[in-house]
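Here is what each chain is made of, one letter per residue.
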Amino acid sequence: MTQHDRLLIIDFGSQVTQLIARRLRELNVYCEIHPYQNVTDAFLAEFAPKAVIFSGGPDTVTRKDAPRPPVSVYELGVPVLGICYGQQVMMQQLGGQVEGGKISGGGGTAEFGRAFVTPAGQPLALLEGLFADGREQVWMSHGDHVSKIAPGFEVFGTSPNAPFAITADTNRNFYAVQFHPEVHHTPNGKILYENFVRLAGFTGDWTMGAYRDDAIAKIREQVGDKKVICGLSGGVDSSVAAVLIHEAIGDQLTCVFVDHGLLRQNEAEEVVSMFRDNYNIPLIHADEKELFLGELDGVSDPETKRKIIGRLFIDVFQKHANAIEGAEFLAQGTLYPDVIESVSFSGGPSVTIKSHHNVGGLPEKMGLKLVEPLRELFKDEVRALGRELGLPDNFIGRHPFPGPGLAIRCPGEITREKLEILRKADAVYIDQIRKHGLYDDIWQAFVAILPVRTVGVMGDGRTYDYACALRAVTSVDGMTADYFPFSHEFLGETATRIINEVQGINRVTYDITSKPPGTIEWE
Ligand code: XMP
């Protein structure tokens, strides 16, 4: 198995540490984020980084017990880059001085927001390609500031409020910047990272092709000749995981696809034909519509719906998985953002691990070990891996779809009739979006069928049918979202098509609520 060059990011609790990793991954550099508490001498020796970056953080190094890296990090003989808090901690440990700013009550200069750095001193390899216009816009966010640089360091960039905006000890390859090169508001920050990894000797060997080969080797080593079960939802993560594992171990993998009757039009057929027919992956299509819809009958409370679906899902999945003899592993599409340990503001480690909504608790319940081949990837890397594995583009670019499916797009009581109407309306809406070339500009789009009937007139007759709401949002991660600015023409045309083509709907509205205060789904 190839061993990639590895870069270590020591996290001191900045809100934007993940962005550092994103920038580096874009440069085909393999990196991992680890909270400072975990970075011991032994850890450093084992991780053997080719370079180290200290993130920013909310604490102040003027405090005795403030977070610090072990001093052995400076003896590894590899380049180190300190950012913001990371800069201050580096200066202090190496013999410089840091003064508190407004925040910690000292007399220094706090600085938040946009600033401009101008070059100073000799040219520096780290800054190659920067300052083409004589200055660089950067993003500052600091209360404390360095008041005296450490021995061996020189100044290479200054801003009005940060005389030591960029400093370096070029003999030891230590670099320290007061601003955040990883954020969007430091437009040329990427160049700085590019220079840093180049001078650290990274070759950019972190490609999806290489990842795929490594991941396959790892899966083979972990699983041996045992069997693996993978729950397939039709979403991108579980699909990519399934295809990757299938490449690694072939028919030792069986997928279980639970059809709870709350899927979109033709969705079950598409998933089954893609995996069973195109990929030849052994697939159990668990048609459990009657069970789910029967238990949901008459239920209108959103949380109760979710609980019923979650419970039945586990039961059903377990029933079908038990039929696969000798399975010892369960595959999950866990991603890197789900497993990064974050440094909390109290200073203690706080672990945020989202359990995979559908199979949470299953591995313990069934005594299965986990296979999580996407644990090191960000979402867009999963898509790139999917492309590498030959999954079709229109599949990889699919909008997210919630585990409870159409149940949470059917406020009020769920009936088969409403679900059928909803499926048809949703299909027309998505067709419209695709026809207008808007699908990839939208993060998520769907129809919700409303629990109201309204009066209309069609031909010479009165109608009394359901109203529906169209939803389309832009978002980065689903945490915040804004409504998509369709043209009135698009909205008018779509409303007409839905009312004409879908029996049971006679009124169409467009939901223009952002998140917050709304949520993306209606329930
Ligand atoms: P909200 O409605 O909370 O949705 O703004 C944010 C994102 O999460 C999805 N979502 C769910 N996904 N189980 C899931 O697997 C759920 O219960 C659930 N609720 C919301 C939603 O589709 C959106 O992408």
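What counts, and at which threshold
Residues numbered from 1 in each chain as written. Predicted model: local features only at pLDDT ≥ 70, side-chain atom pairs only at ≥ 80, totals over all residues. Heavy atoms only, no water. Helix = DSSP H or I, 4+ residues; strand = E, 2+ residues; numbered from the N terminus. Buried < 20%, exposed > 50% of the residue type's maximum accessible area, 1.4 Å probe, protein only. Contact = heavy atoms within 4.5 Å. Lys, Arg positive; Asp, Glu negative; His and termini not counted. Charge placed at Lys NZ, Arg CZ, Asp CG, Glu CD. Near = heavy atom within 4 Å. Polar contact = N/O pair within 3.5 Å; in protein donor to acceptor, adjacent residues only side chain to side chain. Areas by Shrake-Rupley, 256 points an atom, 1.4 Å probe, with all protein chains shown as cover. Nonpolar A, V, L, I, M, F, W, Y, C, P; charged D, E, K, R; others polar. Salt bridge = Lys/Arg side-chain N within 4 Å of Asp/Glu carboxyl O. Phe/Tyr/Trp six-rings, centres within 6.5 Å; stacked < 30°, edge-to-face > 60°. Lys NZ or Arg CZ within 6 Å of the ring centre and 35° of its normal. Expected span 1.5 Å × (residues − 1). 1 Å grid on protein atoms, 1.4 Å probe; cavity = no way out; pocket = protein on both sides within 12 Å on 5 of 7 lines; lining within 4 Å. Points joined across faces, edges and corners; volume = space filled by probe spheres on them. pLDDT = per-residue confidence, 0-100. Pairing = 2+ DSSP bridges. Axes fitted to C-alpha atoms, helices over the stretch in contact; angles between N-to-C directions.

## Things to note about the overall build of the protein chain
Secondary structure summary: the protein chain contains 15 helices and 22 strands in total. Here the C-alpha coordinates of the protein chain stretch approximately 85 × 60 × 40 Å along the principal axes. By the burial criterion, 55% of the 523 residues in the protein chain qualify as buried. Of all intrachain contacts in the protein chain linking residues separated by at least 6 positions in sequence, the fraction that spans at least 24 positions is 75%. Within the protein chain, one finds 49 positive and 68 negative side-chain charges whose respective centroids are separated by 2 Å.

## Details of the site of the ligand
Close contacts around the ligand come from 13 residues, with R306, Q444, K515, I520 and E521 the closest. At a separation of 2.7 Å, an oxygen atom of the ligand approaches a polar side-chain atom of K515. About the coverage of the ligand: the protein hides 76% of its 490 Å² of free accessible area. In terms of residue class, the shell around the ligand is built from five nonpolar, five polar and three charged.

## Quick notes on the pattern of salt bridges
According to the stated counting rule, one finds 29 salt bridges in the structure shown. Salt-bridge contacts for K64 lead to D65; the nearest nitrogen and oxygen are separated by 3.8 Å. For K64, a relative accessible area of 72% puts it in the exposed group. Taking the relative accessible area as the measure of exposure, D65 reaches 57% and is therefore exposed. Among the salt bridges present, the one from R471 reaches D511, with a minimum N-O distance of 3.3 Å. Taken together, the residues R471 in strand 20 (residues 461-474) and D511 in the segment after strand 22 (505-510) connect sequence positions 40 residues apart. Taken as a pair, R471 and D511 share a single burial class, namely buried. Here the residues in one salt-bridge network are D431, K435, R497 and E501, joined through shared partners.

## As for the side chain of T186
Mapped onto the elements of the fold, T186 is located in the loop between strand 11 (174-177) and helix 4 (189-199). Among all residues touching T186, those that are not within four sequence positions of it are Q137, V138, W139, F179, H180 and P181.

## Looking at the packing of aromatic side chains
All told, the structure shown has 18 aromatic pairs when counted by the stated rule. Where Y30 meets W206, the ring centres are 4.7 Å apart and the plane angle is 55 degrees; that geometry is what we call tilted. Here Y30, found in strand 2 (residues 30-35), pairs with W206, found in the loop between helix 4 and helix 5 (208-223); they are 176 residues apart in sequence, far enough to count as distant. Judged on exposure class, the residue Y30 and its partner W206 are both buried. Ring geometry for F54 versus Y74: centroids 6.1 Å apart, planes at 80 degrees, classification edge-to-face. Separated by 20 residues along the polypeptide, F54 in strand 3 (residues 51-54) and Y74 in the loop between strand 3 and strand 4 (80-83) bring together distant segments of the chain. Since its relative accessible area comes to 0%, F54 is described here as buried. Among the aromatic residues, those joined into a ring-pair cluster are F12, Y36, F54, Y74, Y85 and F174. Across from the ring centre of F446, 3.8 Å away, lies the NZ or CZ of R409, which sits over that ring. If you follow R434 out to its NZ or CZ, it ends over the ring of Y439, 3.8 Å from the centre.

## With respect to helix 9 (residues 302-322)
Its 21 residues give helix 9 an end-to-end C-alpha distance of 30 Å, which sits within 8% of 30 Å, the value for a rise of 1.5 Å per residue. Looking at the buried residues of helix 9, the elements they touch are strand 12 (227-232), strand 13 (253-259), strand 14 (283-287), helix 8 (289-296), strand 15 (327-331) and helix 11 (362-366).

## Focus on empty space enclosed by the protein
For the structure on display, the rule yields two cavities of 30 Å³ or more. Looking at the largest cavity, its volume works out to about 70 Å³. Contributing to the lining of the largest cavity are V117, L130, F131, E136, Q137, V138, I166, F179, T186, N188, G189 and L192. Per-element tally for the lining of the largest cavity: the top contributor is strand 7 (residues 136-142), with three residues. For the lining of the largest cavity, the class distribution of residues is seven nonpolar, four polar and one charged. Roughly 40 Å³ of volume is contained in the second largest cavity. As for the second largest cavity, its lining consists of Q87, H145, V146, N161, A162, P163, F164 and Q178.

## Section: the confidence of the model for the protein chain
Residues at a pLDDT of 70 or more form 94% of the protein chain, whose mean pLDDT is 91. Across residues 345-359, confidence stays below pLDDT 50; counting only partners more than four residues off in sequence or on other chains, it has 28 contacts.

## Considering the pairing of strand 6 (residues 111-119)
Bridge count for strand 6 against strand 7 is seven bridges, and the pairing is antiparallel. Residue R114 lies in a different strand from strand 7, and its bridge partner there is W139. Pairing of strand 6 with strand 9 (residues 154-159) involves two bridges; the strand directions are antiparallel. From the neighbouring strand, T118 faces strand 9, where its bridge partner is T158.

## With respect to the sheet that holds strand 7
Here we have nine strands laid out as an open sheet, ordered 2-1-3-4-11-10-9-6-7, and mixed in their pairing. Every interior strand has two partners, whereas the edge strands, strand 2 and strand 7, have only one. Averaged over all pairs of adjacent strands, the angle between their axes in this sheet comes to 25 degrees, without regard to strand direction. Relative to strand 4, strand 3 runs parallel, the two sharing three bridges. Within strand 4, the position partnered with I53 by the bridge is L81.

## Some points on unusual backbone geometry
Residue P516 is bonded to the preceding K515 through a cis peptide linkage, with omega at -15 degrees. Examined against the element boundaries, P516 turns out to sit in the segment after strand 22. A cis amide bond links P516 with the next residue in sequence, P517, at an omega value of 10 degrees. Take P517: it is sitting in the segment after strand 22. Positive phi, normally seen in glycine, also occurs at N173, with a value near 60 degrees. The backbone of N266 shows a phi angle near 65 degrees, a positive value even though the residue is not glycine. For N266, the location among the structural elements is in the loop between strand 13 and helix 7 (267-278). Residue classification places N266 among the partly exposed positions, given a relative accessible area of 44%.

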